[in-house]
Amino acid sequence: MFCIKNATIHDGKEHVFKKDILIDGHTIVSVSEHIDTESEYFDAQGMHVFPGFIDPMSNWGILGPGREIRGNAEDNDEHTHVCTPEMNIIYAFNGRGIRIQQLGAFGITAVGVAPSNNNLFGGMMGVFDVDGINPFKMCIKEKAGLKACVTSDVTKFWGAKNMMPSTHMGIFQMFNEQLRNAKEYDSSKGRDPKKEAIREMLDKKMPLFVVAKKPMEVHSLLHILKDYDVDLVLASGFGLQDCEEEILKCRPAIISSVRVDGFNTDAADGDNEFLYQLYKKGIQVSLASNVDGRMCSREEMLWNGIDMYKACHDSEAVITMMTFNNAKALGVDDITGSIEEGKRADLVIYSDHPLKTYKAEILLTLSNGKTVYRKGDEMKCFI
């Protein structure tokens with residue numbers, strides 16, 4: 001047993017209260033006042049406790065420098081076909097690699113890991129713990145979503161090979177065709193792994209995560225998907241102001257990483273004030289480090305939260321966008337993403353509120369009840 005006492009708790013669902021948290025192994029077993037226990041405890045008087053941050057759509061554990069992960073490994077980027085929905089990210093994930101990346105030192109306790117942006121349908125995503133060795137033991141949820149991309153990342157990569165799609169016209173023709181073929185798929189006439197994987201998404205066994213950066217991409221995507229009943233998670237979504245009517249009608253979840261991504265030329269079209277207004281209208285908005293498939297810094301998740309807070313001045317809404325909404329998008333909100341009895345002990349303790357002051361320091365991070373960072377631990381220069 002381990003107890004966090006006298007904590008100011010931000011539960012991930014916009015509630016703030018002062019209670020104790022009792023942890024038994026991997027699980028939060030009690031959140032209540034004045035827990036009487038003889039077990040080991042952490043006195044969090046004057047400190048703030050949050051659910052562990054969840055980076056919902058990333059390549060952590062796949063791309064990065066060091067002996068375990070080569071910077072150009074790209075094991076999540078299958079080049080043999082523009083549509084590879086049958087691929088499973090679990091076979092690209094390196095447990096020792098993500099441990100080197102020390103995400104717990106920046107408050108991240110779980111990650112959604114995705115195929116690259118180069119394929120129209122890249123494969124199936126997974127949700128992973130940030131500390132371990134064996135990816136199959138670290139996997140919180142396999143087949144958490146089907147990843148697709150309808151941006152110029154696809155046309156640049158395949159157009160350079162003189163292959164379709166080399167235009168946005170080609171992207172959406174192929175996207176529509178793949179959905180139609182999967183809808184008509186009959187396994188009794190012969191198995192097709194590509195159609196089978198997309199059919200699983202159409203049968204709502206997993207959501208569809210689509211990277212779409214420009215308004216015209218979002219308009220085209222939503223126009224095609226109106227004929228299909230899918231659980232859509234829209235990633236990137238720059239310039240969504242031009243798509244408000246369609247978004248409020250079809251109500252996709254949104255993952256954003258708009259402002260601090262200096263390498264993304266579309267980021268200037270991002271509008272956190274607008275995203276917050278969508279959130280207030282009931283749209284499920286989440287924040288990520290980045291969704292472009294590039295290497296990023298461990299701080300970017302928090303930086304995006306700080307930038308959103310500057311836009312909306314609603315700290316608890318932003319915490320929800322970094323925790324519970326991310327878990328919900330990935331289908332693991334019954335396991336993690338909020339501080340509640342029965343959930344995984346994924347927690348981060350700060351000296352102050354990290355969205356409100358740069359003086360806030362991480363004091364302790366627990367992932368599945370295990371200490372993955374404590375203030376004073378050695379930090380390495382791996383991103």
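In this report, we go over the structure that sits alongside the text. Sequence order as written defines residue numbering, which begins from 1 separately in each chain. Reporting in this predicted model follows two pLDDT cut-offs: at least 70 for local features of residues, and 80 or more for side-chain atom pairs to be given and counted; totals over whole chains, interfaces and linings ignore these cut-offs and use all residues. In computing side-chain values, all of the structure's heavy atoms are included and hydrogens and water are not.

Let us now look at the overall build of the protein. Secondary structure elements follow DSSP: runs of H or I of four or more residues count as helices, runs of E of two or more count as strands, with numbering from the N terminus. The secondary structure content of the protein amounts to 11 helices and 16 strands. For this measure, only C-alpha atoms enter the radius of gyration; the expected value for a globule follows 2.2 Å times N^0.38, where N is the number of residues. Scaling as 2.2 N^0.38, a compact globule of 383 residues should have a C-alpha radius of gyration of about 21 Å, and the protein matches this with 21 Å. Overall size of the protein, expressed as C-alpha extent along the three principal axes, is 65 × 40 × 40 Å. The proportion of buried residues among the 383 residues of the protein is 59%. Whether two residues are in contact is decided by their heavy atoms: any pair within 4.5 Å suffices. Across the protein, every contact between residues at least 6 apart in sequence was considered, and the portion connecting residues at least 24 apart equals 67%. For the protein, the exposed surface amounts to about 15,900 Å²; the carbon and sulfur share of it is 47%. Charge counting follows a simple rule: Lys and Arg are positive, Asp and Glu are negative, and His as well as the terminal groups are ignored. Where a charge sits is defined by one atom per residue type, namely NZ (Lys), CZ (Arg), CG (Asp) or CD (Glu). For the protein, the separation between the mean place of its 43 positive charges and that of its 55 negative charges on side chains is 3 Å. Any residue under 20% of the maximum accessible area for its type is buried, any over 50% is exposed, and the rest in between are partly exposed; the area is computed with a 1.4 Å probe on protein chains only. Calculation of accessible area relied on Shrake-Rupley with a 1.4 Å probe; when residues are assessed, cover is drawn exclusively from the protein chains displayed.

With that settled, consider the packing of aromatic side chains. Each Phe, Tyr or Trp ring (for Trp, its six-membered ring) is paired with any other whose centre lies within 6.5 Å, and the angle between the two planes then decides the class: stacked below 30 degrees, edge-to-face above 60, tilted in between. Applying the stated criterion to the full structure yields 7 aromatic pairs. Ring geometry for Phe121 versus Phe175: centroids 5.3 Å apart, planes at 5°, classification stacked. Taken together, the residues Phe121 in strand S8 (residues 121–129) and Phe175 in helix H4 (residues 168–183) connect sequence positions 54 residues apart. As far as burial versus exposure is concerned, Phe121 and Phe175 are alike and both buried. Put simply, the rings of Phe50, Phe53 and Tyr350 touch in pairs and so form one group of aromatic residues. By the criterion adopted, a ring carries a charge over it if an Arg CZ or a Lys NZ lies within 6 Å of its centre and within 35 degrees of its normal. One cation-aromatic arrangement involves Lys19 over Phe17; the distance from NZ or CZ to the ring centre is 5.2 Å.

As a further point, take the pattern of salt bridges. The rule for a salt bridge is simple: a side-chain nitrogen of Lys or Arg has to be within 4 Å of a carboxyl oxygen of Asp or Glu. One pass over the structure, following the stated rule, counts 17 salt bridges. Two residues, Arg344 and Asp129, come together in a salt bridge whose shortest N-O distance is 3.5 Å. Of this pair, Arg344 sits in the loop between helix H11 (324–329) and strand S14 (347–350) while Asp129 sits in strand S8, placing them 215 residues apart in sequence. In this pair, the class of Arg344 matches that of Asp129, namely buried. Close ionic contact of Glu361 with Lys375 constitutes a salt bridge, the shortest N to O distance being 3.2 Å. In this pair, Glu361 is assigned in the loop between S14 and strand S15 (362–367) and Lys375 in the segment after strand S16 (370–374), connecting sequence segments 14 residues apart. Classification of Glu361 by relative accessible area gives partly exposed; the value is 36%. Classification of Lys375 as partly exposed rests on a relative accessible area of 47%. Among the ionic contacts, a cluster of salt bridges with common partners joins Lys13, Glu340 and Lys343.

Angular values range over 0 to 180 degrees, each being the angle between N-to-C directions of two axes fitted as lines to C-alpha atoms, with helices fitted over their stretch in contact. Taken N-terminus to C-terminus, the directions of H4 and helix H6 (residues 215–225) make an angle of 25°; their axes are 11 Å apart at the nearest point. In terms of orientation, H4 and H6 fall into the roughly parallel class. Our pair here, H4 against H6, has a crossing hand that is right-handed. Contact with H4, carried on its side by His168, Phe172, Phe175, Asn176 and Leu179, involves Met216, Glu217, Ser220, Leu221, Ile224 and Leu225 of H6 and no other residues of that element. When residues are sorted by character, Ala, Val, Leu, Ile, Met, Phe, Trp, Tyr, Cys and Pro go into the nonpolar class, Asp, Glu, Lys and Arg into the charged class, and all the rest, Gly among them, into the polar class. Residue composition of the contact of H4 with H6, by class: 7 nonpolar, 3 polar and 1 charged. For classification purposes, angles smaller than 35 degrees are called roughly parallel, those larger than 145 roughly antiparallel, those between 65 and 115 roughly perpendicular, and all remaining angles oblique. Here is the rule for handedness: rotate from the far helix to the near one, and if that takes an anticlockwise turn smaller than a right angle the crossing is left-handed, while a clockwise turn gives right-handed.

The buried count for S15 comes to 6 of 6 residues, which makes it a mostly enclosed element. At least two bridges found by DSSP between two strands are what make those strands a pair. Looking at chain direction, S14 and S15 are connected through 4 bridges and run antiparallel. Looking at S15, one finds that Leu347 is bridged to Leu366. Summarising the sheet, S15 and S16 pair through 4 bridges and their orientation is antiparallel. By the bridge assignment, Ser367 is partnered in S16 with Lys370. Where S15 folds back onto S16 in an antiparallel hairpin, the turn is made up of 2 residues, including Asn368, whose phi is positive at roughly 55°.

The next thing to look at is the sheet that holds strand S6 (residues 53–58). Read across the sheet, 8 strands follow the order S6-S7-S8-S9-S10-S11-S12-S13 without closing on themselves; strand pairing throughout is mixed. Either end of the sheet is taken by a strand with one partner, and the two such strands are S6 and strand S13 (285–287). Along the sheet, successive strands turn relative to each other by an average axial angle of 25°, direction set aside. Taken together, the 7 bridges between S8 and strand S9 (residues 139–149) define a ladder with antiparallel strand orientation. Across the sheet, residue Phe128 finds its bridge partner in S9, namely Cys139.

Moving on to the packing of helix H9 (residues 300–312) against helix H10 (residues 315–322). When two helices pack together, their arrangement is given by the angle between the helix axes and by the axis-to-axis distance. Interhelical geometry of H9 versus H10 gives an angle of 150° and a closest axis separation of 9 Å. The element H9 and its partner H10 pack so that their crossing is right-handed. Mapping the contact onto sequence places Met301, Leu302, Gly305, Met308, Tyr309 and Cys312 in H9 and Ser315, Val318, Met321 and Met322 in H10.

Note on terminology: a nonpolar core comprises buried Ala, Val, Leu, Ile, Met, Phe, Trp, Tyr and Cys residues joined through side-chain atoms within 4.5 Å. With 103 residues, the main nonpolar core has Phe121, Phe175, Leu179 and Leu208 as its most contacted residues. Contact partners of Leu208, with chain neighbours within four places excluded, come to Phe121, Leu146, Ala148, Phe175, Met201, Leu225, Asp231, Leu232 and Val233. Ile4, Phe42, Met47 and Ala345 belong to the second-largest nonpolar core, a separate cluster that totals 19 residues.

Of the two faces of S14, the one lined by Leu347 and Ile349 and the one lined by Val348 and Tyr350 are each fully buried. Two elements, strand S5 (residues 48–51) and S14, share 4 bridges in a ladder whose sense is antiparallel. Counterpart to His48 in the pairing with S14 is Tyr350.

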